[in-house]
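Reading the structure
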Amino acid sequence: MRSQAAELVFDEATKQYPGRPEPAVDRLSLTVPAGEICVLVGPSGGGKTTALKLVNRLIPLSSGDIRIDGTSILDLDLVTLRRGIGYVIQQVGLFPHMTVEENIATVPRLLGWSRQRIRERVLELLELVGLDPDHDRRRYPAQLSGGQQQRVGLARALAANPPLMLMDEPFGAIDPIVRARLQEEFLRLQRELGKTVVFVTHDIDEAIKLGDRIAILREGGRLAQYDTPARILAEPADEFVAQFVGADRALKALTLRTLGDLDLRPGTWLPGLPRVPVATTLRDALAVLVAEGHERLIVVDEAGEPLGTATRDDLLA
Amino acid sequence: MIPSFGQGSACERTNGWWCTDWLRDHWGDTLQPALLQHVELSLIAVAVGFAIASALAIAGFRFRLVDAPVGALADFLYTIPSLALFQLLVPLTGLTETTVEIALVSYTLLVLYRNMVEGLRGVPADVLEAARGMGLTRVQTFVRVELPLAAPAVLAGLRIATVSTISIATVAAFVIPKGLGEPIFVALNQNLFKTEILAAGGLAVALALTADGVLVLAQRLLTPWSRLR
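This section reports on the structure supplied with the text. Keep in mind that what you see is a predicted model, and the values were worked out from it rather than measured.

**Structural notes on the overall build of chain A**
Each helix and strand counted, chain A has 13 helices and 13 strands in total. Structurally, chain A occupies a C-alpha span of about 65 × 55 × 35 Å along its principal axes. For chain A, with 317 residues in total, the buried portion stands at 53%. When contacts within chain A are restricted to residue pairs at least 6 apart in sequence, those whose partners lie at least 24 apart make up 64%. With the model as given, the accessible surface of chain A reaches about 14,300 Å², and the carbon-plus-sulfur share is 49%. Measuring between centres, the 38 positive side-chain charges of chain A sit 5 Å from its 44 negative side-chain charges.

**Examining the side chain of A:Arg83**
With respect to the secondary-structure elements, A:Arg83 resides in helix α2 (residues 78-83). For A:Arg83, which is buried and forms no salt bridge, the nearest opposite charge comes from A:Asp77, at a distance of 7.1 Å. A:Arg83 has contacts with A:Val107, A:Leu110, A:Leu111, B:Met134, B:Gly135, B:Leu136, B:Thr137 and B:Gln140, leaving out every residue within four places of it along the chain.

**Quick notes on the nonpolar core**
The biggest cluster of nonpolar side chains holds 62 residues, and the ones touching the most others in it are A:Ile104, A:Phe199 and A:Ile216. In contact with A:Ile216, not counting residues within four places along its chain, are A:Val41, A:Arg222, A:Leu223, A:Ala224, A:Gln225, A:Ile232, A:Phe240, A:Val241, A:Phe244 and A:Val245. Membership of the second largest hydrophobic core comes to 37 residues, among which are B:Leu120, B:Leu155, B:Ala172 and B:Leu215.

What counts, and where the lines are drawn
Residues numbered from 1 in each chain as written. Chains lettered and ligands numbered in written order. Predicted model: local features only at pLDDT ≥ 70, side-chain atom pairs only at ≥ 80, totals over all residues. Heavy atoms only, no water. Helix = DSSP H or I, 4+ residues; strand = E, 2+ residues; numbered from the N terminus. Buried < 20%, exposed > 50% of the residue type's maximum accessible area, 1.4 Å probe, protein only. Contact = heavy atoms within 4.5 Å. Areas by Shrake-Rupley, 256 points an atom, 1.4 Å probe, with all protein chains shown as cover. Lys, Arg positive; Asp, Glu negative; His and termini not counted. Charge placed at Lys NZ, Arg CZ, Asp CG, Glu CD. Salt bridge = Lys/Arg side-chain N within 4 Å of Asp/Glu carboxyl O. Core = buried A, V, L, I, M, F, W, Y, C linked by side-chain atoms within 4.5 Å.

Shown next as structure tokens:
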């Protein structure tokens, strides 16, 4: 029985292109625990996409090793390795001549699943990624919006239930509003599925939002820091990381927690105070206070019932 | 020279533009056999051309080194006027159907080969990367992704090749007494009988249009996705 999520270990993984002075990825060592999202982030030239493609051997390692649940990727047959890893790319790369259903069925077909099992899996996945199983499954990629295409791309990568997902700037080409929604849905999916995910982005905000851990790569493919978002924001390892995460890192740290994480004060339900849903991030809550010129807000649950109050100092504590 | 229009109807004796009675009398012994021969000549030429072009295109696509010389050869063949090519081949292969087919096949190669190679090369890089990343083998990628995605370009080439072959095949009558060119040549050489020239020429046009229509239909059925967007 295949595990739901796999531990991924980079062990001195190096990619050196011939004729280049610097390696693209330089002795990268890090461990992604099973079921966590590791975001590779950094400036262009940092080798984050290269590092990702080393895992499914789209780019061959020069030296070092990468292990999935203890097995070196070099010991696995190339085709077996790739069919066991979900792969999502920015341009999606859906097959234009296949319907949504056929696209999603690609790997299960290669693996020789029965028709019945494939059909059931496709319907399940369409539901999972928020598409209409009846209507959308017969459509061709050209008939879908960019956001819908990437949902199909995600469903296709998940089709054979791989324990490891590689995602290369999957939301990079999508407009900000749809991107934010896809990020939310991706997090919801991940809570449900608990895959091990390696996610590449150049957007530090996306990294903070999605990552259980963030690996910041700098020029020459060197690992600058590998840590949780909170620790990277609170204690950047060096000047490079501090600059990369931005001068507003204290503010960014506020996006990591919601009003629900605070010990709320019992309210004196003053009229005129802003009412803010409990799921709001501290940063957005602070923005409300600043915009409305108040010192205190009322936290409400989904039904709009007051749960308590929080002051500006509570948010910043 | 006083042309003789035979002993037919008044229309035939006066060389009318459109003698229905002549058409009726000679459909069976002249036009229909010519039409069937024309279909056969064209079909063989396109089928053989397609087979050769496919083999060359797969080679040219896989090995860039092959592409330039094959493309240049196809270009060169295409530039030879058809009459000249027939004349050049007669000393080698005689006044035979082979001569005709060699010439007709030569003309299909350029458009078929070029469209096939362009079709295969036109497969988007992200699609190929996704295919590789999902663990499709080279052969699977070719059969399941590259070939179907090249199909619209291949079919477009096939349409052009078919229509031009049907047109060029009328010239085959210079070499062998076959095809819709034959009644035209007979009429031109003997008596300039207008009805026969118009009827045979009209059939050639109708055949080309029909073949084109069939291929358009095939294109819609085989590649429904290519018309989206």
